[in-house]
Amino acid sequence: QAQLVESGGGLVQPGGSLKLSCAASESIRRFNNMAWYRQAAGKQREMVARISSGDYTYYPDSVKGRFTISRDYSKKTLYLQMNSLKPEDTAVYYCNFGGTYTSPSSIWGKGTLSTVSS
């Protein structure tokens, strides 16, 4: 089973940007769906971006126009560019590989904390 390691989180002011990375231990070409989820304190984990076969992307309204998901097969890495960050974007961000449109798989990273605060 692939191992995933997220990085790039940190503290940023409202309106700022962060770019998260998720490095895989093996080729990511076999995964049709790759996604980013987040979990804020006291809340359920939610998906914030998904990229599928043919580079089709999906974003919920809460992040649409601000977040961009991408992947680099040669680097075995998934990315999440987050712009115009808001305090409500504060959460631990996780990558997930191999899920469906409605459910994640069992392949998770350990997460990276992103805090948006002045």
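Structure: above.
First things first, this report covers the structure right here in the doc.

Structural notes on the nonpolar core
Link 1 in the chain: Membership of the largest hydrophobic core comes to 28 residues, with the highest contact counts inside it found for Trp36, Phe67, Leu78, Leu80, Tyr93 and Phe97.
Link 2 in the chain: Looking at this core, the elements with two or more residues in it are strand 3 (18-24), strand 4 (34-39), strand 5 (46-51), strand 7 (67-72), strand 8 (77-82) and strand 9 (91-97).
Link 3 in the chain: With residues up to four places along the chain from it excluded, the contact list for phenylalanine 67 reads Arg38, Val48, Tyr59, Leu80, Gln81, Met82, Asn83, Leu85, Asp89 and Tyr93.

Describing the sheet that holds strand 9
Link 1 in the chain: Taking strand neighbours across the sheet as the criterion, the six strands line up as 2-10-9-4-5-6 in an open arrangement whose pairing is mixed. For this open sheet the edge positions go to strand 2 (11-12) and strand 6 (57-58), each flanked by a neighbour on one side alone.
Link 2 in the chain: Pairing between strand 9 and strand 10 (residues 112-116): three bridges, direction antiparallel. The partner of alanine 91 across the bridge, within strand 10, is serine 114.

Remarks on the state of the cysteines
Link 1 in the chain: Using the criterion set out here, one finds one disulfide in the structure.
Link 2 in the chain: Here cysteine 22 pairs with cysteine 95 through a disulfide, and the sulfurs are 2.0 Å apart. The chirality of the disulfide connecting cysteine 22 with cysteine 95 is right-handed, given an S-S dihedral of about 60°. You can see cysteine 22 sitting in strand 3 and its partner cysteine 95 sitting in strand 9, a full 73 residues away along the chain. As far as the burial class goes, cysteine 22 and cysteine 95 line up, both buried.

Side note on unusual backbone geometry
Link 1 in the chain: The backbone of aspartate 55 sits at a positive phi, close to 60°, despite the residue not being glycine.
Link 2 in the chain: Of note, the phi angle at lysine 76 is positive, near 55°, even though the residue is not glycine.
Link 3 in the chain: Within the secondary structure, lysine 76 is located in the loop between strand 7 and strand 8.
Link 4 in the chain: When its relative accessible area of 30% is taken as the criterion, lysine 76 is described as partly exposed.

Things to note about the side chain of serine 52
Link 1 in the chain: Checked against the element boundaries, serine 52 lands in the loop between strand 5 and strand 6.
Link 2 in the chain: Every residue in contact with serine 52, bar those within four places of it in the chain, is listed here: Asn32, Asn33, Arg71 and Tyr101.

Focus on empty space enclosed by the protein
Link 1 in the chain: If you walk through the whole model with that rule in mind, you get one cavity of 30 Å³ or more.
Link 2 in the chain: A volume near 40 Å³ is recorded for the largest cavity.
Link 3 in the chain: Taken together, Asn33, Met34, Ala35, Tyr37, Arg50, Asn96, Gly99, Thr100, Ser103 and Pro104 form the lining of the largest cavity.
Link 4 in the chain: Among the elements that make up the lining of the largest cavity, the one with the highest residue count is strand 4 (three residues).
Link 5 in the chain: Considering only residue class, the lining of the largest cavity consists of four nonpolar, five polar and one charged.

Parameters and conventions
- The written sequence of each chain sets the order in which its residues are numbered from 1.
- Local features in this predicted model are restricted to residues whose pLDDT is 70 or higher, and side-chain atom pairs enter the listing and the counts only when it is 80 or higher, whereas totals over whole chains, interfaces and linings include all residues.
- The side-chain values count all of the structure's non-hydrogen atoms but skip hydrogen atoms and water molecules.
- For this analysis, a nonpolar core means a set of buried residues of the types Ala, Val, Leu, Ile, Met, Phe, Trp, Tyr and Cys, connected via side-chain atoms within 4.5 Å.
- Burial classes follow relative accessibility: with a 1.4 Å probe on protein chains only, a residue under 20% of its type's maximum area counts as buried, one over 50% as exposed, and anything between as partly exposed.
- A helix here means a DSSP run of H or I that spans at least four residues, while a strand means a run of E at least two residues long, and both kinds are numbered starting from the N terminus.
- Contact definition: two residues touch when any of their heavy atoms are within 4.5 Å.
- In short, DSSP must find at least two bridges between two strands for them to pair.
- Any two cysteine sulfur atoms lying within 2.5 Å of each other are counted as a disulfide.
- Buried and open spaces are told apart on a 1 Å grid over the protein atoms alone, a cavity being a set of points where a 1.4 Å probe fits but cannot get out and a pocket being an open set with protein on both sides within 12 Å along at least five of seven lines. Residues with an atom within 4 Å of a point are the lining residues.
- Grid points are joined across faces, edges and corners, and a volume is the space filled by probe spheres set on the points.
- Following the grouping adopted for this structure description, the nonpolar residues are Ala, Val, Leu, Ile, Met, Phe, Trp, Tyr, Cys and Pro, the charged ones are Asp, Glu, Lys and Arg, and the polar ones are all others, Gly among them.

In short, geometric facts, not functional conclusions.
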